[in-house]
Amino acid sequence: MSQITEIAPDIFKITTFISEVNIQFNQFLVKDEEPLLYHTGMKGLFPTVNEAVAKLIDPTTLRWIGFSHFEADECGALREWQRLAPDATAICSFVSKMVSVDDVVAERPARALEDGEVLVTGKFRFKFIQTPHVPHAWDAGHLFEENSGTLLCSDLFHQNGEVEAVTSSDIVSRFKDMLIEYQEGPFANYLAYTSKTEKNLGRLADLKPKTIAPMHGSTYVGDGETAILDLAQAMKEVLAESA
Ligand SMILES: [Fe+2]
Ligand SMILES: [Fe+2]
């Protein structure tokens with residue numbers, strides 16, 4: 001059973017906690033003239049996410065399906081969604097589309113977004129920021145909704161555990177705890193710290209988001225610029241200095 005929380009007007013977070021891995025998986029449903037789902041979740045989550053989406057909109061009217069990079073929790077159920085919603089088109093980076101998505105999970109060709117391109121869904125404006133290897137994977141990018149100041153940030157700010165839906169308290173320390181925990185187990189080197197990490201995170205900080213919406217853990221409402229700069233420092237300390 002998934003939990004639904006409105007994190008900004010007409011932007012809804014759908015959360016499912018998987019106790020075996022101690023992680024929440026969040027998808028985001030944006031209610032607009034052209035409804036958008038960000039992250040599909042894995043195939044196994046499709047029934048519960050579909051049930052949650054149906055409480056918010058008619059799922060067959062879904063128009064856009066976005067995600068950061070090619071991975072099961074990002075876009076694993078894309079085909080299931082596209083079979084249900086005949087006009088649903090995937091939006092992702094050119095690399096995602098060309099290298100994996102169109103061949104492996106898409107029912108029909110994805111639309112590749114260029115760096116800086118804005119997709120207007122009605123009242124919302126989603127700017128695509130291409131951020132290779134941030135959080136990880138060659139094809140990674142982020143969507144930033146300009147009117148509400150909401151950054152859909154994928155695995156950045158990942159927090160383990162069954163945490164609250166939304167918080168204004170610091171989430172960077174939880175993120176850092178997760179990184180340290182993962183470095184000591186089979187999920188080591190989960191996120192990458194490369195020569196371009198600081199620059200890419202700087203571009204996200206410059207957006208000055210008011211709401212930061214990670215795939216795993218609580219949504220943060222507050223000074224997003226400072227939070228991202230603090231996150232960059234945490235990544236450097238755990239990932240770069242232990243390399
Ligand atoms: Fe990921
Ligand atoms: Fe993820």
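Okay, so let's go over this structure. Just so it is clear, the model here is predicted, and its values are computed rather than measured.

Remarks on the layout of surface pockets
Counted as a void, the largest pocket has a volume near 270 Å³. Considering the residues around the largest pocket, the lining is formed by 14 residues, among which Ile23, Glu71, Asp73, Phe187 and Tyr190 are closest to the centre. Elements with a minimum of two residues in the lining of the largest pocket: strand 3 (23-30) and helix 2 (72-75).

Structural notes on the pairing of strand 1 (residues 3-8)
Where strand 1 lies against strand 2 (residues 11-18), five bridges are found, and the strand directions are antiparallel. Opposite Ile4, over in strand 2, you have Ile14 as the bridge partner. Hairpin geometry of strand 1 and strand 2 is characterised by an intervening segment of two residues between the two adjacent antiparallel strands and by a positive phi of about 65° at Asp10.

Some remarks on the coordination of the iron ion (ligand 1)
Looking at the metal site, the iron ion (ligand 1) is ligated by His69 (NE2), Glu71 (OE), His136 (NE2) and Asp155 (OD), spaced 1.9 to 2.2 Å from it. One chain supplies every donor to the iron ion (ligand 1), and in sequence these donors are spaced H-x1-E-x64-H-x18-D. Taken as an interatomic distance, the gap from the iron ion (ligand 1) to the iron ion (ligand 2) is 3.9 Å; Asp155 donates to each of them. Taken as a pair, His69 in the loop between strand 5 (64-66) and helix 2 and His136 in the loop between strand 9 (125-130) and strand 10 (141-145) lie far apart in primary sequence, 67 residues in all.

Section: the packing of aromatic side chains
Evaluated as defined, the whole model comprises five aromatic pairs. Ring geometry for Phe46 versus Trp81: centroids 5.0 Å apart, planes at 80°, classification edge-to-face. Placement of the pair is Phe46 in helix 1 (residues 46-54) and Trp81 in helix 3 (residues 78-84), with a sequence separation of 35 residues. Both residues of the pair, Phe46 and Trp81, count as buried. Put simply, the rings of Tyr182, Phe187 and Tyr190 pair up and form one aromatic cluster. We note Arg63 situated over the ring of Trp64; from NZ or CZ to the ring centre the distance is 4.0 Å.

Definitions and limits used
Residues numbered from 1 in each chain as written. Chains lettered and ligands numbered in written order. Predicted model: local features only at pLDDT ≥ 70, side-chain atom pairs only at ≥ 80, totals over all residues. Heavy atoms only, no water. 1 Å grid on protein atoms, 1.4 Å probe; cavity = no way out; pocket = protein on both sides within 12 Å on 5 of 7 lines; lining within 4 Å. Points joined across faces, edges and corners; volume = space filled by probe spheres on them. Helix = DSSP H or I, 4+ residues; strand = E, 2+ residues; numbered from the N terminus. Pairing = 2+ DSSP bridges. Donors = N, O, S within 2.8 Å, 3.2 Å for Na, K, Ca; no water. Phe/Tyr/Trp six-rings, centres within 6.5 Å; stacked < 30°, edge-to-face > 60°. Buried < 20%, exposed > 50% of the residue type's maximum accessible area, 1.4 Å probe, protein only. Lys NZ or Arg CZ within 6 Å of the ring centre and 35° of its normal.

Purely geometric stuff here, so don't read any function into it on its own.
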